[in-house]
Structure formats: C-alpha cells, structure tokens
Amino acid sequence: MQLEQSLVQWVGNLYAAGLSWWTSLGIPEWVWVALMAVLKGVAVLTFLLLNVLFLIWLERKVAGRIQRRPGPMHHGPQGIFQTLFDALKLVIKEDIIPSQADKWVFITAPLVMIAPALMIWVVMPFGPDLIARDLNVGLLYVSAVSSFSILALIMAGWSSNNKWSTLGAMRSAAQMISYEIPLGLALVAVGMLAGTLSLKGIVEAQQERTWFLLLQPLGFLVFIVAATAEINRAPFNLPEAESELVAGFNTEYSGFRWGVFFVAEYANLLFMAGMAATLFLGGWSGPAFLPPFLWWLLKTYLFVFLIMWVGWTLPRIRVDQLMELGWKFLIPVGLANIALTGVFVILT
Amino acid sequence: MVINYLEVGIFALVAVAFVAITLAIGSLLRPKNPYANKLAPYECGEIPVGDGQVRFHIRYYIFALVFLVFDVEIIFLYPWAVVLEQLGLFGLVEMLIFLGLLVVGLVYAWRKKVLRWV
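One numbering rule holds for all chains: residues counted from 1, following each sequence as written. Written order determines the labels here, with chains lettered from A and ligands numbered from 1. The predicted origin of the model limits local features to residues at a pLDDT of at least 70 and limits the giving and counting of side-chain atom pairs to 80 or more, whereas totals for whole chains, interfaces and linings rest on all residues. Computation of side-chain values: all heavy atoms of the structure, hydrogens and water removed.

Enquirer: Summarise the nonpolar core; cite the residues concerned and give the values.
Expert: Among soluble globular proteins, nonpolar side chains are generally buried collectively. Definition used in this section: a nonpolar core is a set of buried Ala, Val, Leu, Ile, Met, Phe, Trp, Tyr and Cys residues joined via side-chain atoms within 4.5 Å. Using a 1.4 Å probe on the protein chains alone, a residue whose accessible area is under 20% of its type maximum counts as buried, one over 50% counts as exposed, and one in between counts as partly exposed. One finds Trp121(A), Phe223(A), Met275(A), Leu279(A) and Trp327(A) to be the most contacted residues of the largest nonpolar core, which totals 139 residues. The biggest single contributor to this core is helix H7 (residues 163-194) of chain A, with 18 residues. Contacts are assigned to residue pairs that have any heavy atoms within 4.5 Å of one another. Not counting residues up to four positions away in its chain, the partners in contact with Trp327(A) are Ser178(A), Ile181(A), Pro332(A), Phe63(B), Val66(B), Phe67(B), Phe70(B), Leu106(B) and Leu115(B). A run of DSSP states H or I qualifies as a helix once it reaches four residues; a run of E qualifies as a strand once it reaches two. Both are numbered from the N-terminal end.

Structural data, given as structure tokens:
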C-alpha cells in the first residue's frame, strides 16, 4: 500500500518537474504530453502482452483441469513458458498472403484489430492515480472504441476471399452489433447511478455507496453476458466456431498476423473482466492490506476465471438462440433495468 | 481540451508500431517459400469453387438496420444519464416516454418476426 502510493507520487512529482523544465525551454506543453503518452502506451502494451502470455497459459490450464487433464506441462514449472515459445514460433513462421486476397485490406485488418485493443486501456483505472488519462466521457469512449473490432473482423473476413472467412465475418458482425446494444444499456445504467461517465468517478461513487453489483444485479447480468458475447468467448464463440467454420474470419491468417488477432482477443478479455471489476466490484478500492493495483488485478482475474469457467463448461449455442437471447431477453431486461435505475436515482 | 485526447491517438500508433516492428524483425528470421497451391484460398484441401466473397442472407441487413436505431438511442441516453439527478422527475418521465416509443418499435419488430433468425 505505502510502497505503491509513494511510487505513484514519485512518478507524479517527476512528471510535474519534467513538465515545468520542458515549458521553461519554450517548447509547447503538448509535445511533452505526447512524449509521455508514448511512454504510457509502451508501459500499458508491455503490461498487456505479459498478461496475454499468462492468460493463454491460464486458459489452457483451466480447460485442461475442467477436462481432467493436466494441460501444458513441459516448458518451465507447470508449463508456464509454453505460450512464450508459441509466440516466438509465430514470429518466425512464414508470412502467407493468399494470392486472391485483397492485399492491403488483408494487411490492415490486424492493425485495425490491435489498435482499439490498446486504445481502450486509456481510461482503465488501475489505481487511484494509475490511469493513462481519465476522460470525462469514459463509458461512451469504451463503447465507441470496443465497436471498432467489428470493422476489423469484416475487413479480415471480406479481404481473405475465402468462403469460411466471409461467413464467419458476417456472423461475427451480426453477433457483435446485437450484443453491443445490451452492453451499452448496462453501461448507461452504471453511469446513471454514479452520475458521471468517468471511470475514476464511478470507482469513487462506489466507495461512497457500495459495490454497484449490489445496486445493479440486473445490469451486471446483462453486462457480463453481453461482454462475453462481445469478445467472442465461448459459449458465444460462433464467429470462429472451429467445428463448422474452420476458424471463421481468420481462416486465411497465419504466423504473426494471426497472432495479432489472438493477442487482441485476449487483451479484450482482460479489458472486459477489468471493466466488470471496475464498474461492479469497486475497481481498485479494497481493504488497505493490499495495494490498490493488486486489488484491481485480483478482481479482474476473478472475472477472467469466471468467463473461462463458463466458456469451458457450456456448449456453444446456435446462431438463432444467440440472436433470440440478445434481442428478446437482454435488450428488454436492459431497458427495464434503466427504467428501474431511473426511479431508484430519483427516489434516493 | 484536445490535449486530453492525445493518449488516444498515440496508443493507437504504439499498437501499430508494435505490429510493424515485430513483423520487420520476423522478416529477418522467417522462411519465404510461396508457391501457387500454398497461396490458394483454403477450402478443406479441395480446389476452390467460385469466388470467396459469397452472397449472404438478407437477414444480416435487417439486423443492421434495427441495430442502428437502438445504437443511436443509446447515444442519447449517455448525456441524460449524467444529468439525471439535476433534471429530477421531469427528466425521468421524459426519457421513459422516449424509451417507451422505442419499446413499441421493438415489439413491432418482434411481432413482425424481424427478430427471428432463419
């Protein structure tokens, strides 16, 4: 607790000192902010990549344990270095661009996938002052940036010029736009309770009242189901249903370009789990015996494990069931939740 | 004001740079040995039949249209959510009327079997 606070304070002091020295040189402030933003971006990216390596290993371990087998065991203790070697292998794999593919769209699609996967972390509060930038439109920003990946999937699927890819891309677009609405409805209800869209403000509002999980049980249900569908996790992994669509939109991708989709997918999993922790479990706030950042990490991994557990327990649902669940259950419940929350906010 | 959003653009650039640098490093290490069969679209080992960009069901367009209506509605909800406490009961009733109209639309689409996936 003390260590993290003083560390954050020290970095903050360094930042302020650097800024005053910078402006005394006569160079405009925004250049300094931009340089610092590069540092923040690299820091968050490193954090994400380490977590993705761990998450993939964790997923294989969880899947293994659920299916009563050990999972990866050979590289390092409990096979912890398995994904590291997998990632290295992907980097040195041959880079194949199919001859019939639309080359430039094919190359751009992974970039369009990974850019929002990192951009979205700008607003994530890791701790009281540990946040890249506390935008006052935080929730709106989250819902806007998270819908970018639909574009990437469509680009990847369409440019591959492959039947599996096209079908997978259309399916995933239909799925993601359908579940974006309940996701947005759940976010709005949280914003109504907190009276702000800034994620830092939402965590502070929960410190004043209580975890929004207790005030928003319906909203939480809608959020967690819609978020699971939004990041294409089982049981909503229809876009890449391997038993019917080969691999869906990324059938033609191989090597590191395919790895980029994979990294973005796990980064989004971590983000949605982190959002669930921030919006409904009080984010970084917790008893003082652990530093705020560790509280955030603990709660996030709680949700990561929950999503993996559900995914490896339930079978994949059919596409018509998927659409019915989204439009005929989650959206009406989300709307009712907003009306209820509105009445609650006015009464209290 | 704009300075607050510098991170947004720069994070995107950092992500793109990461991919570009890793691909560049990989290009020094990886083999390059393309031939016609390897570059052909994957169709379970068969020679591909026709174009890959197949026609798809009209249902996708209908869902896209319904989505557009509801997504725009949610954009309207965000600013209202922030100021709800200041607006008080009047704001709530107004928004409930707005939501009610949309629910009528949802029920209409439901009854017309637009939401049924076939």
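Enquirer: Describe the packing of aromatic side chains, and please don't skip the residues or the numbers.
Expert: Residue and element names in this part refer to chain A. Two rings belonging to Phe, Tyr or Trp (six-membered ring only in the last case) form a pair when the distance between their centres is within 6.5 Å. Interplanar angles under 30 degrees mark stacking, angles over 60 mark edge-to-face geometry, and anything in between is tilted. This model, assessed by the stated rule, comprises 25 aromatic pairs over all chains. Consider the rings of phenylalanine 54 and tyrosine 301, whose centres lie 5.7 Å apart with planes at 65°: the pair is edge-to-face. Remark: tyrosine 301 occurs in helix H13 (residues 292-313) and phenylalanine 54 occurs in helix H2 (residues 29-66); sequence separation between them is 247 residues. Arranged with centres 5.8 Å apart and planes meeting at 55°, the rings of phenylalanine 220 and phenylalanine 303 form a pair that is tilted. Placement of the pair is phenylalanine 220 in helix H10 (residues 217-230) and phenylalanine 303 in helix H13, with a sequence separation of 83 residues. Of the two residues, phenylalanine 220 and phenylalanine 303, both sit in the buried class. Of the aromatic side chains, those joined through ring pairs into one cluster are Phe47, Trp121, Phe126, Phe271, Phe293 and Trp296. The ring centre of tryptophan 104 lies 5.5 Å from the NZ or CZ of lysine 103, which sits over that ring. Criterion for a charge above a ring: Lys NZ or Arg CZ within 6 Å of the ring centre, and within 35 degrees of the ring normal.

Enquirer: Break down the interface of chain B and chain A for me, with residues and values.
Expert: Listed as interface residues are 65 residues of chain B and, on the opposing side, 81 residues of chain A. For this document, the term salt bridge refers to a Lys or Arg side-chain nitrogen within 4 Å of an Asp or Glu carboxyl oxygen. The tally of links between chain B and chain A comes to three salt bridges. A salt bridge links Lys40(A) to Glu7(B); the shortest N-O distance between them is 2.8 Å. The term polar contact refers here to a pair of N or O atoms within 3.5 Å; inside protein, the definition further demands a hydrogen-donor-capable atom paired with an acceptor-capable atom, and it admits residues adjacent in sequence only when both atoms are side-chain atoms. Linking chain B with chain A are four residue pairs in polar contact (both at pLDDT 80 or more), by the criterion used here. For the side of chain B that touches chain A, the secondary structure elements donating two or more residues are helix H1 (6-29), helix H2 (36-39), helix H3 (59-87) and helix H4 (89-111) of chain B. Among the elements that take part in the side of chain B that touches chain A, H3(B) stands out by supplying 17 residues, more than any other. A breakdown of the residues in the side of chain B that touches chain A according to their chemical character gives 47 nonpolar, eight polar and 10 charged. Under the grouping applied here, Gly and all other residues not named as nonpolar or charged are polar, the nonpolar ones being Ala, Val, Leu, Ile, Met, Phe, Trp, Tyr, Cys and Pro and the charged ones Asp, Glu, Lys and Arg.

Enquirer: Tell me about the side chain of Arg233(A), and name the residues and values.
Expert: Residues and elements named next belong to chain A. One can find arginine 233 in the loop between H10 and helix H11 (242-245). Using a relative accessible area of 9% as the deciding quantity, one classes arginine 233 as buried. Engagement of the side chain of arginine 233 in a polar contact is seen with the side chain of glutamate 59, the distance being 2.8 Å. If we skip the residues at most four places from it in the chain, arginine 233 touches Glu59, Thr228, Tyr266, Leu269, Ile307 and Met308.

Enquirer: Help me get a handle on H1(B), residues and values and all.
Expert: An expected span of 1.5 Å times one less than the residue number is assigned to each helix. The end-to-end C-alpha separation of H1(B) is 35 Å, in line with the 34 Å expected for 24 residues at 1.5 Å each. Among all positions of H1(B), only Glu7(B), Val8(B), Ile10(B), Phe11(B), Ala12(B), Val14(B), Ala15(B), Phe18(B), Val19(B), Thr22(B), Leu23(B) and Gly26(B) are buried.

Enquirer: Residues and numbers for the pattern of salt bridges, please.
Expert: Scanning all chains against the criterion turns up eight salt bridges over all chains. Asp95(A) serves as the salt-bridge partner of Arg30(B), at 3.9 Å between the closest nitrogen and oxygen. Note that Arg30(B) is positioned in the loop between H1 and H2 and Asp95(A) in the loop between helix H3 (82-91) and helix H4 (103-119), a pairing that runs across two chains. Here Glu7(B) makes a salt bridge to Arg133(A), at a shortest N to O gap of 3.1 Å. Of this pair, Glu7(B) sits in helix H1 while Arg133(A) sits in the loop between H4 and helix H5 (138-146), each in a different chain. Assigned by exposure class, Glu7(B) and Arg133(A) land together as buried.

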